[in-house]
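A closer look at the structure
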Amino acid sequence: MTWAEPSSTATALLLLGRGTDPDTEKGVECPGDLPAPSDPGLVERARAAKAALGDRVFVLGHHYQRDEVIQFADVTGDSFKLAREAAARPGAEYIVFCGVHFMAESADILTSDAQRVVLPDLAAGCSMADMAVLSQVEKAWDRFVELGIAGEVVPVTYMNSSADIKGFVGRNDGVVCTSSNAETALRWSFEQGTKVFFLPDQHLGRNTAVLKLGMELSDCVLYDPHKPGGGLTDEQLRGAKMILWRGHCSVHGRFTIDAVEDVRARVPGVNVLVHPECRHEVVTSADHVGSTEYIIRMIDNAPAGSAWAVGTELNLVRRLALAHPDKQIMFLERNVCYCSTMNRIDLPHLVWALEELVAGRVPNQITVDPETAHYARVALDRMLALP
């Protein structure tokens, strides 16, 4: 099956990876001259710089990265797998993380003090992670304390959160989870308390609670930090089992039930495969739901000739389609849906970062302060100890 590019949108035509982004704390220019994207020697320059660094550098590439970047990754994977891979390479002086900011923070937390984590473009943030700001989360927790329910509440944060939020969770006896082990993390949490405060992705929390733990939608309430008191009454907070933060993934939140119905009408026998960050009605209408690694395994093991509509980031879907020409693999939505911040890591930024390292300069180093790193590590280690 030949891969057909989804139709473009105005957003898809943005020139990513250049300039500043004043609306995010991580929007900065590179303190040097980026190679031109049109430079025909970029691939060779990247190869040469990586070869010059040898074992001193370890390049990590998230599944959602551009192909031009992925080709230089020593390891590809989801955010947590990559952070653990970095920690398993103590001999690598430099960890170049081709992903987004929270991923590089996790790598810094899990690696040794002697290793330096580099993010090729500091503007590669995560809109979901940025939806949970520490001061807002602490304000919500203060409300729980005032209501006398804080002792019953176990905070759980998705891996896709800032180091500050992971640190908050660690300080308050909570745990980090991934999309793969969210069910296990929630079951553990309900053994510790009667309520869970789930950050920052409402959809993963809701989908896991309802579809895996058998809760009702009415057991879940949505805390909106932009409304007084989170938009919830005292009675709602006291009665809730799942207090969900009002956050979401800008990519997975785009998929709709209309898209599912449309693809089923167009492609008889299609398998709809989506990520649990999608909306509840999309997840419940899909045939298969799972993490990025789960999606890859499903497609790898699918029989030849089968048809799949995949609801996750476009770079990965396209890569899967090209790797499996014997299967009909398509993007669930008709419109393009790149992760715009992930796409900020392009070949010019990677070349620039590698050549800076060759020159003895460490660009865009990501560091987490020791206290935050300690408590974030507590929450991460608690997750690693889960059965």
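Preceding this section is the structure that the text describes.
Residues numbered from 1 in each chain as written. Predicted model: local features only at pLDDT ≥ 70, side-chain atom pairs only at ≥ 80, totals over all residues. Heavy atoms only, no water.

With respect to the pairing of strand β7 (residues 195–199)
- With five of five residues buried, β7 is to be regarded as a mostly interior element.
- Burial along β7 is two-sided: Lys195, Phe197 and Leu199 facing one way and Val196 and Phe198 facing the other are all buried.
- Judged from the five bridges that link them, strand β5 (residues 153–158) and β7 form a sheet pairing that is parallel. Pairing of valine 156 across the sheet is with phenylalanine 198, part of β7. (Buried < 20%, exposed > 50% of the residue type's maximum accessible area, 1.4 Å probe, protein only. Helix = DSSP H or I, 4+ residues; strand = E, 2+ residues; numbered from the N terminus. Pairing = 2+ DSSP bridges.)

A closer look at the sheet that holds β5
- Across the sheet, five strands lie side by side as β6-β5-β7-β9-β8; this open sheet has parallel pairing. A strand with exactly one partner marks an edge of an open sheet, and here the two such strands are β6 (175–177) and β8 (220–223). Averaged over neighbouring strand pairs, the angle between their axes works out to 25° when direction is ignored.
- As judged from the four bridges shared by β8 and strand β9 (residues 242–245), these two strands associate in the parallel manner. The residue of β9 that forms the bridge with valine 221 is isoleucine 243.
- In the packing of helix α6 (residues 134–147) onto the sheet, the strands contacted are β5, β7, β8 and β9, and the crossing angle to β7 comes to about 170°. (Axes fitted to C-alpha atoms, helices over the stretch in contact; angles between N-to-C directions. Contact = heavy atoms within 4.5 Å.)

What about the pairing of β5?
- Counting buried positions along β5 gives six out of six residues, so the element sits mostly inside the fold.
- Going residue by residue along β5, you find Val153, Pro155 and Thr157 tucked away on one face and Val154, Val156 and Tyr158 tucked away on the opposite face as well.
- Alignment of β5 against β6, held across three bridges, turns out to be parallel. In the strand pairing of β6, valine 156 is matched with valine 175.
- Once the chain exits β5 it traverses helix α7 (residues 163–171) before rejoining the sheet at β6, and the crossover so formed is right-handed. (Right-handed = clockwise from strand over helix to strand, strands pointing away.)

Some remarks on the sheet that holds strand β3 (residues 94–98)
- Pairing within the open sheet is mixed, and its five strands lie in the order β2-β1-β3-β4-β14. Sheet topology places β2 (75–77) and β14 (365–366) at the edges, where each strand pairs with a single neighbour.
- Bridge count between strand β4 (residues 116–118) and β14: two bridges; the pairing is antiparallel. If you follow valine 118 over to β14, its bridge partner there is glutamine 365.

Concerning the nonpolar core
- Among the nonpolar cores identified, the biggest contains 127 residues, and Val96, Phe144, Phe197, Phe198, Met242 and Leu332 are the most heavily contacted of them.
- With seven residues, the top contributor of residues to this core is helix α15 (residues 347–358). (Core = buried A, V, L, I, M, F, W, Y, C linked by side-chain atoms within 4.5 Å.)

Describing the side chain of aspartate 346
- Positionally, aspartate 346 belongs in the loop between β13 (328–331) and α15.
- There is a polar contact of 2.7 Å between the side chain of aspartate 346 and the side chain of histidine 349. (Polar contact = N/O pair within 3.5 Å; in protein donor to acceptor, adjacent residues only side chain to side chain.)

As for the state of the cysteines
- Going through the model one piece at a time under the given rule, you end up with zero disulfides.
- Cysteine 339 takes part in no disulfide bond, and the closest cysteine sulfur to it belongs to cysteine 249, at a distance of 6.5 Å.
- Note on cysteine 339: relative accessible area 13%, which makes it buried. (Disulfide = S-S within 2.5 Å.)

As for unusual backbone geometry
- With an omega of -25°, the peptide bond between leucine 199 and proline 200 qualifies as cis.
- When you line up the elements, proline 200 lands in the loop between β7 and α9 (202–211).
- Positive phi, normally seen in glycine, also occurs at aspartate 173, with a value near 65°.
- Mapped onto the fold, aspartate 173 is located in the loop between α7 and β6.
- Among the residues examined, aspartate 173 registers a relative accessible area of 53% and is labelled exposed.

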